[in-house]
Amino acid sequence: MSTATRYTGLIEHYRDRMPVTADTRIISLGEGNTPLVRLENIPGAIGKDVELYVKYEGLNPTGSFKDRGMTMAVTRAVEEGSRAIICASTGNTSAAAAAYAARAGITAFVLIPEGKIALGKLAQAMIHGAVVIQIRGNFDAGMALVKEVADHAPVTIVNSINPYRLQGQKTAAFEIVDELGRAPDFHCLPVGNAGNITAHWIGYSEYAQHDSACVTTACAFCEGKCKFSGKSVTDKRPVMVGYQAAGSAPFMRGEMVDHPETVATAIRIGHPQSWDYAWKVKDESGGWFDECTDEEILAAQKLLTSREGIFCEPASATSVAGALRDIQSGKIPEGSSVVCTLTGHGLKDPDTAIKQCADTMLTVDAELGAVKDAILSNMS
Ligand SMILES: *Cc1c(COP(=O)(O)O)cnc(C)c1O
């Protein structure tokens, strides 16, 4: 007899920890269950003995971790009778919203900053049939507009201020603990709105059966009495470390930033929506925030592609750029286990990738001698 079970997405997989009932129609594209890849070459190259993993969230259905939140947010929106969803986006939220809305048969409205979204993300929002509204302003301006318009039109906001988003995204922490058999010592993430670092903390806390899972958003679903009591999976939670792009680092400045700039467009956010939660995560976990320059971010992206065969988008590489610096300085000590979240796939932003390597392409005549010369002079 076959015992095969098809993986049908993270809500089904973690059903008893998700805000759904037996009757809920689940809107899923098979998201979650992403690879946790141990880096084999980079730790040795920097001469440090660390157990360094990347959680490759770029392998979700639309190419970013946003799918984890979107399956839950759209499932609940549909259950509550909503016919349309809306979000402001630096790109990946709009791609996910567009795809899950298509799956559900509802309309997605997405507000994006004109000219500042990576090509792949724009293609996704458009081809899935979202109504794409470009605004002459940045993400923060779009977010403010979305909050306002949702008061005047029958649309459900699916940005990470929607608490179901974080409930979906907490499952990344579950997967890591399930796979390693324990929580890692450190968990490093890029920080934009800070929803994802908060969601991971909710997940780790819930698995450690710790109260702070409730203090953030889970209480909305269990009405003060934690439904997870007695279901502890791990006794430890990681130190949480959030890295920002230097031109877009409100957590480092200690205040909102009005004109954020960075090549890492997914974290080009000056007014983080989960500001208070993220400070709490830092304090409760004994973690810290730090910033990386665009040069460091692109160097880390290149290092991952050329030394490990892993292609993530610039924003995602911020986690590795920061972690490598803190490993080198000893702030993250040798012997530690470290997980870096690679939030989105490198194919999202082909322009930035090609720009970094344009001068490495060879062009030769279409004849044997020329191709042979090109090969022999480039053997390593
Ligand atoms: C959304 C996003 C982030 C930032 O996540 P927050 O929850 O806003 O902090 C980072 N990287 C990528 C690729 C993203 O799409």
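Scroll up a little and you will see the structure.
Since the model is a prediction, treat every value here as computed from it, not as a measurement. (Residues numbered from 1 in each chain as written. Predicted model: local features only at pLDDT ≥ 70, side-chain atom pairs only at ≥ 80, totals over all residues. Heavy atoms only, no water.)

Quick notes on the pattern of salt bridges
All told, the structure shown has 19 salt bridges when counted by the stated rule. Lys-55 is paired through a salt bridge with Glu-175; the nearest N and O atoms lie 2.7 Å apart. Here the residue Lys-55 occupies a position in strand E2 (residues 51-56), and Glu-175 occupies one in helix H8 (residues 171-180), the gap between them amounting to 120 residues. Exposure class is identical for Lys-55 and Glu-175. Each is buried. (Salt bridge = Lys/Arg side-chain N within 4 Å of Asp/Glu carboxyl O. Helix = DSSP H or I, 4+ residues; strand = E, 2+ residues; numbered from the N terminus. Buried < 20%, exposed > 50% of the residue type's maximum accessible area, 1.4 Å probe, protein only.)

So, the site of the ligand
Around the ligand, 17 residues are found, and the nearest of them are Lys-66, Asn-92, Asn-193, Ala-194 and Thr-343. The backbone of Asn-193 places a nitrogen or oxygen atom 2.8 Å from an oxygen atom of the ligand. Measuring from an oxygen atom of the ligand, one finds a backbone N or O atom of Ala-194 at 2.8 Å. Sorting the residues of the shell around the ligand by element identifies helix H9 (195-207) and helix H14 (314-329) as the ones contributing at least two each. Split by residue class, the shell around the ligand holds 7 nonpolar, 8 polar and 2 charged. (Near = heavy atom within 4 Å. Polar contact = N/O pair within 3.5 Å; in protein donor to acceptor, adjacent residues only side chain to side chain. Nonpolar A, V, L, I, M, F, W, Y, C, P; charged D, E, K, R; others polar.)

Here we look at the side chain of Asn-60
Along the chain, the position of Asn-60 falls in the loop between E2 and helix H3 (66-79). Given the relative accessible area of 4%, Asn-60 is considered buried. Looking at Asn-60, its side chain comes within polar contact range of the main-chain oxygen of Glu-57, at 3.0 Å. Among all residues touching Asn-60, those that are not within four sequence positions of it are Glu-31, Gly-32, Thr-34, Phe-65, Asp-67 and Arg-68. (Contact = heavy atoms within 4.5 Å.)

Describing the environment of Ala-173
With respect to the helices and strands, Ala-173 occurs in helix H8. Look at Ala-173 and you get buried, because its relative accessible area is 0%. Along the backbone, Ala-173 and Ala-183 are 10 residues apart, and their C-alpha atoms lie at a distance of 8.2 Å. The contact partners of Ala-173, leaving out residues within four places of it in the chain, are His-200, Gly-203 and Tyr-204.

Remarks on the sheet that holds strand E6 (residues 156-157)
Taken together, 4 strands build an open sheet; the order of strands is E5-E4-E3-E6 and the sheet is parallel. Both edges of this open sheet fall to strand E5 (131-135) and E6, since each of them pairs with a single strand only. Pairing geometry for strand E3 (residues 84-88) and strand E4 (residues 107-113), over 5 bridges, is parallel. Looking across to E4, one finds that Ala-88 is bridged to Leu-111. Taken strand by strand, helix H6 (residues 139-149) contacts E3, E4, E5 and E6, and its axis lies near 150° from that of E3. (Pairing = 2+ DSSP bridges. Axes fitted to C-alpha atoms, helices over the stretch in contact; angles between N-to-C directions.)

Section: the sheet that holds strand E8 (residues 239-245)
Here we have 6 strands laid out as an open sheet, ordered E1-E2-E10-E7-E8-E9, and mixed in their pairing. Sheet topology places strand E1 (36-38) and strand E9 (288-292) at the edges, where each strand pairs with a single neighbour. Each strand of the sheet is rotated relative to its neighbour by a mean of 25°, with strand direction disregarded. Across 3 bridges, the pairing between E1 and E2 is antiparallel. Of the residues in E2, the one forming a bridge with Val-37 is Val-54. Contacting E8, E9 and strand E10 (337-342), helix H13 (residues 294-308) crosses the sheet at an angle of about 90° to E9.

Examining H6
Helical geometry note: an α-helix holds 3.6 residues per turn, so side chains three or four residues apart project in the same direction. If you check which residues of H6 are buried, you get Phe-139, Asp-140, Gly-142, Met-143 and Val-146. Looking straight down H6, one finds that the buried residues subtend no more than 160° of arc, so they occupy a single side. Residues of H6 that are buried in the fold lie against E3, E4, E5 and E6. By the N-cap criterion, in which a side-chain oxygen at the helix start approaches the backbone nitrogen of a residue two or three places on, H6 is capped by Asn-138, the distance to Asp-140 being 3.1 Å. (Arc of directions from axis to C-beta.)

Observations concerning the packing of aromatic side chains
Here the structure, examined in full by the defined rule, presents 8 aromatic pairs. When the ring of Trp-275 is compared with that of Trp-279, the centres are 5.5 Å apart and the planes differ by 80°; the resulting orientation is edge-to-face. Note that Trp-275 and Trp-279 are positioned in helix H12 (residues 275-285) at a spacing of 4 residues, about one turn of the helix. Classification of Trp-275 by relative accessible area gives buried; the value is 17%. (Phe/Tyr/Trp six-rings, centres within 6.5 Å; stacked < 30°, edge-to-face > 60°.)

Examining the pairing of E2
For E2, the buried fraction is high: 6 of the 6 residues fall into the buried class. Taken together, the 6 bridges between E2 and E10 define a ladder with parallel strand orientation. Residue pairing across strands places Tyr-53 opposite Val-339, the latter belonging to E10.

A look at a nonpolar patch on the surface
A cluster of nonpolar side chains, namely Leu-362, Val-364, Val-371, Ile-375, Leu-376 and Met-379, defines an oily patch on the protein surface of about 590 Å² accessible area. Turning to its location among the elements, Leu-362 is positioned in the loop between helix H15 (350-357) and helix H16 (368-376). (Patch = residues over 30% accessible without salt bridge, like charges linked within 9 Å, V, L, I, M, F, W, Y side chains within 5 Å. Areas by Shrake-Rupley, 256 points an atom, 1.4 Å probe, with all protein chains shown as cover.)

Geometric values such as these leave the question of function open.
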